[in-house]
Amino acid sequence: MNAPAARFNAIFGADMAGPLAALAVVLVVFGFASPHFLTGATFGSVAFQLPELGVLTLAMLMPILTGGLNLAITFTANIAGLTLAWTLQANGGIDAGPGAFLLGSALALAVGAASGLVMGLVIAFTRAHPILVSLSMMIFLRGLGEFLTRGGDISGFPTFIAPIGHGSILGIPVPLLILIACVIASHILLSRSKLGFSTYMIGSNIESARYSGLNTRKVLVLVYMLSGVMAAVAGIIMLARFNSVRVGHGESYLLITVLACFLGGINPFGGFGRVLPVFVALIVLQLLSSGLNLLGANQHLTTAVWGILLIVVMVLRWLSAKFIKIVK
Amino acid sequence: MRKLFLSHTTEFVLFAVIIAMSIVLAFTTDRFFTLGNGFDLLNISAVNIIFAVGLLVVLISGGIDISFAVAASIVQYVTALALERIGGGGWVSGLLIAACIGIVLGMINAFLIHRFRIISIVATIATFNVYFGLLMFFTKGVSIYNLPDWLTSRVIIYEREMADGSWAEITLPVVVMAVCALATWFFITRTTTGRQLYAFGDNPEGARRFGINIGAMQFIAFGWLGLMAGIAGLMQAHYAQEVVPNALYGRELDVLAAVVLGGARLGGGKGSVLGCVLGVLLVSITQNGLNLMGVSPFAFKMIVGAIILVAITLSSARIGNLVPVFATRKSTGDRPADRGES
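The rules behind each value
- All residue numbers refer to position in the chain's written sequence, counted from 1.
- Starting at A for chains and at 1 for ligands, labels are handed out in the order in which the entities are written.
- Totals for whole chains, interfaces and linings use all residues, but because this is a predicted model, local features are given only for residues with pLDDT of at least 70 and pairs of side-chain atoms are given and counted only at 80 or more.
- Only hydrogens and water are set aside when side-chain values are computed; all heavy atoms of the structure are taken into account.
- Numbering goes from the N terminus for both helices and strands, where a helix is a DSSP run of H or I of at least four residues and a strand is a run of E of at least two.
- The reference for a compact globule is 2.2 Å times residues^0.38; the radius of gyration itself is calculated from the C-alpha atoms.
- Working definition: with a 1.4 Å probe on protein chains only, accessible area under 20% of the residue-type maximum means buried, over 50% means exposed, and in between means partly exposed.
- Note on contacts: a residue pair is in contact if any heavy atoms of the two residues lie within 4.5 Å.
- Using a 1.4 Å probe, accessible areas were evaluated by the Shrake-Rupley method; residue-level cover was limited to the displayed protein chains.
- Residues scored as positive are Lys and Arg, those scored as negative are Asp and Glu, and His as well as the terminal groups of each chain are ignored.
- We put the charge of a Lys on NZ, of an Arg on CZ, of an Asp on CG and of a Glu on CD.
- Under the pairing criterion, centres of Phe, Tyr and Trp rings, with the six-membered ring standing for Trp, must be within 6.5 Å; the plane angle then separates stacked pairs below 30 degrees from edge-to-face pairs above 60, leaving the rest tilted.
- Two conditions define a charge sitting above a ring: the NZ of Lys or the CZ of Arg must be within 6 Å of the ring centre, and it must be within 35 degrees of the ring normal.
- As a per-residue measure, pLDDT reflects the predictor's confidence and takes values from 0 up to 100.
- Salt-bridge detection follows one rule: a side-chain nitrogen of Lys or Arg within 4 Å of a carboxyl oxygen of Asp or Glu.
- Every patch collects residues that have over 30% relative accessible area and no salt bridge, joining them within 9 Å if they carry like charges and within 5 Å if they are nonpolar side chains (Val, Leu, Ile, Met, Phe, Trp, Tyr).
- The set of buried Ala, Val, Leu, Ile, Met, Phe, Trp, Tyr and Cys residues whose side-chain atoms join them within 4.5 Å is what this entry labels a nonpolar core.
- How far a helix is expected to stretch is found by multiplying one less than its residue total by 1.5 Å.
- Two parts placed together each lose some accessible area under a 1.4 Å probe, and the buried area is that loss summed for both.
- Throughout this description, a polar contact denotes any pair of N or O atoms lying within 3.5 Å of each other; where both atoms belong to protein, one of them has to be capable of donating a hydrogen while the other can accept it, and for residues adjacent in sequence the pair is counted only when both atoms sit in side chains.
- We call Asp, Glu, Lys and Arg charged. Ala, Val, Leu, Ile, Met, Phe, Trp, Tyr, Cys and Pro are nonpolar, and the rest, Gly among them, are polar.
- The axes are straight lines fitted to the C-alpha atoms, using for helices just the contacting stretch, and the angles between their N-to-C directions are given from 0 to 180°.
- Should an angle fall under 35 degrees it is taken as roughly parallel, and over 145 as roughly antiparallel, whereas 65 to 115 is taken as roughly perpendicular and any remaining angle as oblique.
- If you view the pair so one helix is near and one far, a crossing is left-handed when the near helix is turned anticlockwise from the far one by less than a right angle, and right-handed when it is turned clockwise.

Student: How do you make sense of the overall build of chain A when you look at a structure like this?
Tutor: Along chain A, the regular secondary structure elements total 14 helices and four strands. Relative to the 2.2 N^0.38 estimate, which gives 20 Å for 328 residues, the radius of gyration of chain A is 20 Å and therefore close to what a compact globule would have. Projecting the C-alpha coordinates of chain A onto the three principal axes gives extents of approximately 70 × 60 × 35 Å. Within chain A, buried positions represent 55% of all 328 residues. Of the contacts formed within chain A by residues at least 6 apart in sequence, a portion of 77% connects residues at least 24 apart. Counting every atom, chain A has about 13200 Å² of accessible surface; 71% of that belongs to carbon and sulfur. Positive and negative side-chain charges in chain A, numbering 16 and 7 respectively, have mean positions lying 18 Å apart.

Structure below.
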């Protein structure tokens, strides 16, 4: 390997190259295509739109690293948001104090953890396929939410919550700060903690992880609980950003979180992948969305382009693997 | 008999659950155990069963597909436009067009999966986004209501007037559903290709060494699902008498849950048409029963989700995995981990 590439890999990690290249391409292409692209307004809107999707993607990330999937994240976020909303309403609605908000947030996180706990227990102890377990949990949570709200939305929250969705500290949007905090927490958890190490072990080979003395069941339960908690954080951000909670909100993010993970170089079978490339991939997706928006395309075309991007990335990966084989 | 039961446990259990539920519902509601309601159930389930038997073939071959419901939406829309262009058409031309578009969309998935070695769930999540995004972009979300008369008028295959003056009817989708289910059953159990699909799904590498053409398997499996999705899309348009671009959005996960409830295994090599049909029917009967018992429609999904969760838990658990949790703990792998933490 030549020296610059080696140095790049030493600093960023080999899996950073793809997302960073994509980021550069997006910046250059849209920078030329639209004079309004490389302005503060674009990055401002990206900074406000990114966090919901970003935190949900982090919720998807850990289960994928274990070789699973958590399809229930969006509805877990909804149910957690509802929990917070009801706690606020029970404590005076618009006049609710910060205490009620803290209590509600704690309850929301607990609800997220509970949904993850159930999934984790079923997956760990019955070895049912995570796709199926989280899928039925998703159907259940959607039904529960629709049943409890009758399909309507809940709004009317105290004004001090709005800054969580719309405010800025030192020019940096608060939701973005929350996302960055979550990214750092996930990164440290996965790269520095025993749980993170166990997560990768289970993803590469659950049987050998078990035989080498890991309590795989405990790790799986914890991973899904953390995933649920992360989804709950996304639910709280969504509540603050839209000043209302509705079941089904953010549903379209579900498959996009998976897309973001794969774009960020996560191995679909688990075991390999890091948080930071996923974060860069998220920025690429969101910039792409904003750029297309500036060029006059609508949200649906963006969805299509995201899908095409995923195919292109997978094809490039296949090509590079083939290339490496030929060189060898 | 014992052998039959052991080889078809899921089907027998599902059948028993359906019978038990039906008996309870027959006594608790006046309408459940009527011919009209039974036929309604079939009419409602027809489209989902067509989807389900198609998805079953892909699951047996070891793949998974998220994009088929959206592909069916494209089929509906393009077929409606094509029929308008050729001046109406009829059932034959309609089915032909729908089937062809469906197969092409399925083949795109197979091509990506086979040619570029993309894992099927990743490939179909990508095509899901591409299909749906492009469909909504080009249609701008506008529905089509002026469908040809032959497509929207109900085709009643069998009808009978009930004592209370209402009509019990079996409509065309049910017949199409039966044909699709039988064709799939014949295809996967009575043809060499079908057996090869099972072998391929169970052990791709073994199948390859045995001389089975891997690429052909992918194209056949996804092509079959595409065909079924195309037919189901047309039947949905017939049933709903309109084409709404996002009407089938989200249907894929419900169908997937029902198929797996019917005993198909993610990972391939296992599953039967009967189980698949029973899985869809169980979900429909649950919803129908809850409806007749006067339960709020908002609670349906919650209860259905809980039932599927419990069913998957019970069917996946090997005995000794659920109950004597502590027994296995003492003997095998979990013990060293406890030591490692202390």
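Student: Is there a simple way to think about the overall build of chain B in this case?
Tutor: Counting its secondary structure elements, chain B contains 16 helices and two strands. Within chain B, residue pairs in contact and separated by at least 24 positions form 74% of the contacts whose partners lie at least 6 positions apart. Total accessible area on chain B is roughly 15600 Å²; 65% of this is exposed by carbon and sulfur atoms.

Student: How should I be thinking about the environment of I60 of chain B in this particular structure?
Tutor: Residues and elements named next belong to chain B. Mapped onto the fold, I60 is located in helix α3 (residues 35-60). In this structure the C-alpha to C-alpha distance between I60 and R265, which are 205 residues apart in sequence, comes to 7.3 Å. Ignoring any residue separated from it by four or fewer positions in sequence, one finds I60 in contact with I188, L197, Y198, G201, G268, G269, K270 and G271.

Student: Mind showing me how you'd approach the packing of aromatic side chains here?
Tutor: Per the counting criterion, the structure on display carries nine aromatic pairs over all chains. Where F128 of chain B meets F132 of chain B, the ring centres are 6.4 Å apart and the plane angle is 20 degrees; that geometry is what we call stacked. Of this pair, F128 of chain B and F132 of chain B both sit in helix α6 (residues 120-139), four residues apart, which is roughly one turn of the helix. This pair shows no difference in class: F128 of chain B is buried, exactly as F132 of chain B is. A connected cluster of aromatic rings, assembled from ring pairs, spans W318 of chain A together with F111 and F116 of chain B. The ring of Y211 of chain A is capped by R210 of chain A, whose NZ or CZ atom sits 5.0 Å from the centre of that ring. The ring of F242 of chain A has R241 of chain A lying over it, and the distance from NZ or CZ to the ring centre is 5.3 Å.

Student: Where do I start with the confidence of the model for chain B in this structure?
Tutor: Detailed reading of predicted coordinates is not advised where the pLDDT is low. All names here are of chain B. Confidence in the prediction of chain B, expressed as mean pLDDT, is 83, and 89% of residues score 70 or more. In the model, residues 319-342 has pLDDT below 50 throughout and makes 25 contacts with residues more than four positions away in sequence or in other chains. Interface predicted TM-score (ipTM) for the complex: 0.81; the corresponding pTM is 0.84.

Student: When you look at the pattern of salt bridges in this model, what are you seeing that I'm missing?
Tutor: Opposite charge on two side chains allows them to pair when their charged atoms are near. Residues and elements named next belong to chain A. All chains considered together, the criterion is met by four salt bridges over all chains. Between R241 and E52 there is a salt bridge, with its nearest N and O atoms 2.3 Å apart. Pair noted here: R241 is in helix α11 (residues 216-242) and E52 is in helix α3 (residues 40-65), with a separation of 189 residues, a long-range link. A relative accessible area of 18% places R241 in the buried class.

Student: Can you help me understand a nonpolar patch on the surface in this one?
Tutor: Side chains of L35, I157, Y158, V175 and V179 of chain B sit close together on the surface and give an oily, nonpolar patch of about 400 Å² of accessible area. Inspection of the secondary structure assignment puts L35 of chain B in helix α3.

Student: Explain unusual backbone geometry here, please?
Tutor: Excluding glycine, residues mostly carry a negative phi; peptide bonds, for their part, are mostly trans. One non-glycine residue, N243 of chain A, lies in positive phi territory at about 55 degrees. For N243 of chain A, the location among the structural elements is in the loop between α11 and β4 (244-246). The partly exposed category is assigned to N243 of chain A, whose relative accessible area is 40%. Even without being glycine, R117 of chain B reaches a positive phi, approximately 55 degrees. Its place among the elements puts R117 of chain B in the loop between α5 (91-115) and α6.

Student: What is the right way to read the nonpolar core from this model?
Tutor: Judged by nonpolar contacts, the single largest core of 215 residues is most densely connected at L61 of chain A together with I50, F51, L59 and V259 of chain B. Apart from the residues within four sequence positions on either side, L59 of chain B is in contact with I64, L256, V259, V260, A264, R265, L266, G268 and G269 of chain B.

Student: In this structure, what is going on with helix α13 (residues 275-294) of chain A? I would like to understand it.
Tutor: Given 3.6 residues to a turn, an α-helix orients residues that are three or four positions apart in the same direction. All names here are of chain A. Helix length check: α13 (20 residues) gives 29 Å between terminal C-alpha atoms against 28 Å at 1.5 Å per residue, within 8%. Burial within α13 is extensive, with 16 of its 20 residues counted as buried. A positive backbone phi angle near 95 degrees is found at G296, which sits one or two residues after α13.

Student: Got a minute to help me understand the confidence of the model for chain A in this structure?
Tutor: In the predicted model, chain A carries a mean pLDDT of 83, and the fraction of residues at 70 or more is 95%. Ranking the elements of chain A by mean pLDDT puts helix α1 (residues 3-12) of chain A last with 64 and α11 of chain A first with 90.

Student: Can you help me understand the interface of chain A and chain B in this one?
Tutor: In many reports, interface size means the accessible area that the parts give up when they come together. Counting from both sides, the interface comprises 52 residues of chain A and, opposite them, 53 residues of chain B. Of all residues in chain A, L132, L255 and W318 of chain A give up the largest surface area on contact with chain B, accounting jointly for 12% of the area buried on that side. Run the count over chain A and chain B and you get one salt bridge. The partner of R142 of chain A in a salt bridge is D254 of chain B, and the shortest N-O contact between them spans 3.4 Å. Counting across the chain A and chain B interface gives one residue pair in polar contact (both at pLDDT 80 or more). Broken down by secondary-structure element, the contributors of at least two residues to the side of chain A that touches chain B are α5 (98-126), α6 (130-149), α11, α12 (253-263) and α14 (299-327) of chain A. The element that contributes the greatest number of residues to the side of chain A that touches chain B is α6 of chain A, accounting for 14 residues. Residues that form the side of chain A that touches chain B fall into these classes: 32 nonpolar, twelve polar and eight charged.

Student: Please clarify how the side chain of T57 of chain A should be interpreted in this entry.
Tutor: Residues and elements named next belong to chain A. Along the chain, T57 turns up in helix α3. Using a relative accessible area of 0% as the deciding quantity, one classes T57 as buried. Not counting the four nearest positions on each side in its chain, T57 is found in contact with T257, A260, C261, V278 and L282.

Student: Looking at this structure, I do not really get a positive patch on the surface. What am I missing?
Tutor: A cluster of basic residues, K322 and K325 of chain A together with R115 and R117 of chain B, forms a positive patch on the protein surface. With respect to the secondary-structure elements, K322 of chain A resides in helix α14.

Student: What's the story with the packing of α12 of chain A against α6 of chain B in this structure? I'm lost.
Tutor: Geometrically, a packed helix pair is captured by the angle between its two axes and the distance between the axes. For the pair α12 of chain A and α6 of chain B, interaxial distance at closest approach is 10 Å and the crossing angle is 125 degrees. Viewed along their axes, α12 of chain A and α6 of chain B adopt a mutual orientation that is oblique. In this structure, the crossing between α12 of chain A and α6 of chain B has a hand that is left-handed. Between α12 of chain A and α6 of chain B, the residues in contact are L255, I256, V258, L259 and F262 of chain A and V122, I125, F128 and N129 of chain B, respectively.

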